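Architecture and fold: a report
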Amino acid sequence: MNKVYLVGFMGSGKSAIGKRLSTLLDIPFYDMDAEIVTRTGMTIPQIFETYGEPKFREMETEFLREFPDEFCIIATGGGVAMRAENREIMRQTGLVFYLNSTFRDIWRRVSTDTNRPIVQRSSRGDLEALFLKRKPLYLQSAHIRVETTNRSLNDITQYIGFQVLRLKNG
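1. A closer look at the sheet that holds strand β1 (residues 3–7)
Pairing in this open sheet of 5 strands is parallel, and the strands run β2-β3-β1-β4-β5 from one edge to the other. With one partner strand each, in any of the chains shown, β2 (29–31) and β5 (144–147) form the two edges of the open sheet. Between one strand and the next, the sheet's axes are offset by a mean angle of 25 degrees, whatever the strand orientation. In this sheet, strand β3 (residues 72–75) lies alongside β2 in parallel orientation, the contact comprising 3 bridges. Bridge assignment links Asp31 to a residue of β3, and that residue is Ala75. Across the sheet, helix α2 (residues 32–40) lies against β2 and β3, angled at about 70 degrees from β2, the strand it touches most. Those strands touched by helix α5 (residues 84–93) are β1 and β4 (94–100), and its axis lies near 120 degrees from that of β4.

Now the structure itself:
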């Protein structure tokens, strides 16, 4: 197990926790969406507009297939667990943590975010349906489910850090 993957719905805290975990464990952090933006020279909304969501999902799979084998933290995109191949790659190459949040918490965080194409073109009801559709796939991906409701970023980070060290050294 080299990689530590953080999966969950958009707004569940993958990037915020990933950055903190990187500092705590002193290992590199990669944000999958940011890496795809760097590789393509386009924002996520531009990729969706130019190539469509299926091409973006293929870029996520390519990222997982090609990423170097190193001890690091990767905050995945919210839709990465939708593909069986992605779930398999993550489970085989690392330890997968599912950041389980309530939809109410998610909505509070993402409802005004203009950098999320799905939020911009969906109603609250549509997003909640997507959230409910994806949740079982996050659970399939995960080795460990992390409850985030009523827990601080620091508490969540400390918990995941403890699990990583316990399993890495165990």
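2. Topic: the layout of surface pockets
In this model, the largest pocket occupies a volume close to 510 Å³. In terms of lining residues, the largest pocket is bounded by 29 residues, among which Met10, Asp33, Gly77, Gly78 and Arg116 are the most central. Mapped by element, the contributors of at least two residues to the lining of the largest pocket are α1 (14–25), α2, α3 (44–51), α4 (53–66) and α7 (117–120). Top contributing element to the lining of the largest pocket by residue count: α2, with 4 residues. For the lining of the largest pocket, the residue count by class is 11 nonpolar, 10 polar and 8 charged.

Analysis parameters
Residues numbered from 1 in each chain as written. Predicted model: local features only at pLDDT ≥ 70, side-chain atom pairs only at ≥ 80, totals over all residues. Heavy atoms only, no water. Pairing = 2+ DSSP bridges. Helix = DSSP H or I, 4+ residues; strand = E, 2+ residues; numbered from the N terminus. Axes fitted to C-alpha atoms, helices over the stretch in contact; angles between N-to-C directions. Contact = heavy atoms within 4.5 Å. 1 Å grid on protein atoms, 1.4 Å probe; cavity = no way out; pocket = protein on both sides within 12 Å on 5 of 7 lines; lining within 4 Å. Points joined across faces, edges and corners; volume = space filled by probe spheres on them. Nonpolar A, V, L, I, M, F, W, Y, C, P; charged D, E, K, R; others polar.

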